[in-house]
Amino acid sequence: MPTLHVRNVPEELYDGLKSVAAQKSISIGAEVVSMIERALEQEKRNAKRKALVHRIVHRRVRLPKGAPTPEAILRKDRDR
């Protein structure tokens, strides 16, 4: 299993990691790995959402030339 070394961790961040790990009764390293896993899963979910929004935004209904727009149809219906 690969090892990851991190340098220049701000004191406040390290203290926060240490506190969270102590509350869970696990090592700081285990908590960091857990946080990275959660962050990567969130990134995957965000990428899927972004791709979905992109597909929705770029899905366009092409109306035949001369066809009434949805707005025109609604206006006509409301004017009845």
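Residues numbered from 1 in each chain as written. Predicted model: local features only at pLDDT ≥ 70, side-chain atom pairs only at ≥ 80, totals over all residues. Heavy atoms only, no water.

Colleague: Please explain the overall build of the chain as it appears in this structure.
Modeller: Within the chain one finds 3 helices and 0 strands. The linear arrangement of helices and strands in the chain, starting from the amino end, is α-α-α. Here the chain has a C-alpha radius of gyration of 26 Å; the compact-globule value for 80 residues is 12 Å, and the former is much larger. The distance from the centre of the 18 positive side-chain charges to the centre of the 10 negative ones in the chain is 12 Å. (Helix = DSSP H or I, 4+ residues; strand = E, 2+ residues; numbered from the N terminus. Rg over C-alpha atoms; globule rule 2.2 N^0.38 Å. Lys, Arg positive; Asp, Glu negative; His and termini not counted. Charge placed at Lys NZ, Arg CZ, Asp CG, Glu CD.)

Colleague: What is the right way to read the confidence of the model for the chain from this model?
Modeller: Any residue range with low pLDDT should be treated as having predicted coordinates unsuitable for detailed reading. The pLDDT averaged across the chain works out to 92; a share of 100% of its residues lies at or above 70. No element of the chain has a lower mean pLDDT than helix H3 (residues 70-79), which averages 90, and none a higher one than helix H1 (residues 11-24), which averages 97. (pLDDT = per-residue confidence, 0-100.)

Colleague: It is not clear to me how the side chain of Glu 31 should be interpreted in this structure. Could you clarify?
Modeller: In this fold, Glu 31 is placed in helix H2 (residues 28-58). In this structure Glu 31 comes out as buried when scored by relative accessible area, which is 1%. Setting aside residues no more than four positions away along its own chain, Glu 31 makes contact with Val 20, Ala 21, Lys 24, Ile 26 and Arg 38. (Buried < 20%, exposed > 50% of the residue type's maximum accessible area, 1.4 Å probe, protein only. Contact = heavy atoms within 4.5 Å.)

Colleague: Is there a simple way to think about the layout of surface pockets in this case?
Modeller: Empty space among the atoms becomes apparent when a probe as large as a water molecule is rolled across them. Within this model, the largest pocket holds a volume of roughly 280 Å³. As for the largest pocket, its lining consists of Leu 4, Val 6, Val 9, Leu 13, Tyr 14, Leu 17, Ile 28, Gly 29, Val 32 and Val 33. In terms of residue count, H2 provides more of the lining of the largest pocket than any other element does, 4 residues in total. The class makeup of the residues in the lining of the largest pocket is 9 nonpolar, 1 polar and no charged. (1 Å grid on protein atoms, 1.4 Å probe; cavity = no way out; pocket = protein on both sides within 12 Å on 5 of 7 lines; lining within 4 Å. Points joined across faces, edges and corners; volume = space filled by probe spheres on them. Nonpolar A, V, L, I, M, F, W, Y, C, P; charged D, E, K, R; others polar.)

Colleague: What exactly am I supposed to notice about unusual backbone geometry here?
Modeller: Among all residues except glycine, the phi angle is most often negative; among peptide bonds, the trans geometry is most common. Residues other than glycine seldom take positive phi values, yet Asn 8 does so here, at roughly 60 degrees. Looking at where Asn 8 falls in the secondary structure, it is placed in the segment before H1. Since its relative accessible area comes to 78%, Asn 8 is described here as exposed. Even without being glycine, Ser 25 reaches a positive phi, approximately 60 degrees.

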